[in-house]
Amino acid sequence: MTYEAAAGRYGSMPYPHCGRSGLRLSAVSLGLWHNFGGADEFDTQRRIVHTAFDHGITCFDLANNYGPPPGAAEDNFGRLLARDLKPYRDEIVVCTKAGYTMWPGPYGDWGSRKYLVASLDQSLKRMGLDYVDIFYHHRPDPATPLEETMAALDWIVRSGRALYVGISNYNGERTAAAAAELRRLGTPFVIHQMRYNMLVRQPEMDLFPVLEREGLGGIAFSPLAQGLLTDRYLGGALPADSRAAGKVGFLKPEHITPERLRIIEALNEVARTGGRTLAQLALGWVRRQPAIASVLIGASRPQQVVDAVRAVEMAPLAGDEIAAVEAILASQ
Ligand SMILES: NC(=O)c1ccc[n+]([C@@H]2O[C@H](COP(=O)([O-])OP(=O)(O)OC[C@H]3O[C@@H](n4cnc5c(N)ncnc54)[C@H](OP(=O)(O)O)[C@@H]3O)[C@@H](O)[C@H]2O)c1
């Protein structure tokens, strides 16, 4: 069946500027870390991506190692592009990254120029693309000079492989150093991707002030704490088809502690009172940060994408909702 994108897809999604750049991101982005591997049902992947694009999500986030096996998510996204999304290529922001282990030996990991350029060439091949919109260095490399990694990002843009660059998982201090170096080189460095949600607040301390000062856009990954900040595990449930019950990934049943459950149940009450789902409250809470341009969700089914899109269509969190959330988080 030929895919035709929904005519009304740009009806309600906000597209904030990514920092002080001209690039605008959909306020919700879709990540392909989970559920887009070699063993995942292709038809479900296809429906999730179509639902996202049909609801105005333009920003799709990948990495060289997403799968399993590593590379499978890019392979699958390449199939989706070839089959359905090619006519819409200029309406889509494709992002990928390198920085974690991808192939054996000294050149398949971390942050050397050798690794980053080779990895992006492999990613482009898997996705059947000439360029990506954003290429990220996925994590800081303490053993490679920052100047080398940043020069590689600069060259990646100048050689036509990416339009913009970003970094991920860098702390505030290293981000400021990267920004200074990339400014010197004249590189279009526009975005930082960090873990940020109600249960992980470190970026508030050191990173967000740097992003605002440098005019960089923030995109928050795992805004739902991999599903903990949703109705999935309420009442101590462990659904068989949930991420925590699955064999793949980092979220384990032991992470759902009685203390966590107490917090999640209390947050759910705040959500209910405000007419939101817990996931919608969690996304609204992340979006209250001026540094955040987009929330980067994952989804195992199309309905989860729709829930997230509804969250950004709703009114921002009210002062009393934020105060109630803060009181619960302070009681941890
Ligand atoms: N830069 C980095 O180092 C880094 C690291 C991690 C992730 N990321 C990026 O961030 C993306 C998102 O990460 P994430 O998947 O951890 O994000 P997340 O949005 O916090 O978690 C997604 C999971 O939550 C559950 N969920 C989502 N919406 C729901 C809803 N409305 N109701 C109930 N459950 C819901 C689903 O789990 P079930 O499977 O249980 O249904 C879904 O797979 C990744 O795909 C990747 O692109 C980047």
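Within every chain, residues take consecutive numbers counted from 1 along the sequence as written. Totals for whole chains, interfaces and linings use all residues, but because this is a predicted model, local features are given only for residues with pLDDT of at least 70 and pairs of side-chain atoms are given and counted only at 80 or more.

Observations regarding the overall build of the chain
The test is simple: Secondary structure elements follow DSSP: runs of H or I no shorter than four residues count as helices, runs of E no shorter than two count as strands, and numbering proceeds from the N terminus. In this setup the radius of gyration rests on C-alpha atoms only. A globule is expected at 2.2 Å times the number of residues raised to 0.38. Exposed residues have 12 or fewer other C-beta atoms within 10 Å of their own C-beta, buried residues have 20 or more, and residues in between are partly exposed; the C-beta atoms are placed from the backbone. The contact rule is simple: place each C-beta atom from the backbone, and if two of them lie within 7 Å, those residues are in contact.
When helices and strands are counted, the chain shows eleven helices and eight strands. The C-alpha atoms of the chain give a radius of gyration of 19 Å, which matches the 20 Å a tight globule of 332 residues would have. In terms of overall dimensions, the chain has C-alpha extents of about 50 × 50 × 40 Å along its principal axes. Relative to its full complement of 332 residues, the chain shows a buried share of 46%. Looking at the chain alone, contacts between residues at least 24 apart form 77% of all its contacts between residues at least 6 apart.

Some points on the environment of Leu116
Residue placement: Leu116 occurs in helix α3 (residues 113-127). Between the C-alpha atoms of Leu116 and Arg243, which are 127 residues apart in sequence, the distance is 30 Å. Once residues lying within four places of it in the same chain are set aside, the contact partners of Leu116 are Ala98, Gly111, His137, Ala152 and Ile156.

Focus on the site of the ligand
Formally: Residue proximity rests on one test: whether the C-beta atom, placed from the backbone, lies within 6 Å of the molecule or strand. Throughout this entry, Asp, Glu, Lys and Arg are counted as charged residues, while Ala, Val, Leu, Ile, Met, Phe, Trp, Tyr, Cys and Pro are counted as nonpolar. The remaining residues, Gly among them, count as polar.
Taken together, the neighbourhood of the ligand is formed by 29 residues, with Gly31, Trp33, Phe221, Gly227 and Gly298 sitting nearest. Its residues assigned to classes, the shell around the ligand shows ten nonpolar, 14 polar and five charged.

Observations regarding the packing of helix α2 (residues 72-85) against α3
How two helices sit against one another is set out by the angle between their axes and by the gap between those axes. Counted only if it meets this: Angles shown run from 0 to 180 degrees and are taken between the N-to-C directions of axes, each axis being a line fitted to C-alpha atoms and, for helices, limited to the stretch in contact. Angles below 35 degrees are treated as roughly parallel, those above 145 as roughly antiparallel, those between 65 and 115 as roughly perpendicular, and all remaining angles as oblique.
Their axes nearest at 7 Å, the elements α2 and α3 cross at an angle of 40 degrees. In terms of axis orientation, α2 runs oblique to α3. From α2, Glu74, Asp75, Phe77, Gly78 and Leu81 reach across to α3, where they touch Ser123, Arg126 and Met127. Of the residues that constitute the contact of α2 with α3, the class distribution is three nonpolar, two polar and three charged.

Description of the pairing of strand β6 (residues 189-195)
This is how the line gets drawn: The pairing criterion is simple: DSSP has to find at least two bridges between the two strands.
Burial runs high along β6: six of the seven residues are buried. For strand β5 (residues 162-168) and β6, the ladder comprises four bridges, and the chain directions are parallel. Paired with Val165 across the two strands is Phe189, which belongs to β6. Sheet topology places β6 next to strand β7 (residues 217-221); five bridges connect them, and they run parallel. Residue His192 lies in a different strand from β7, and its bridge partner there is Gly218.

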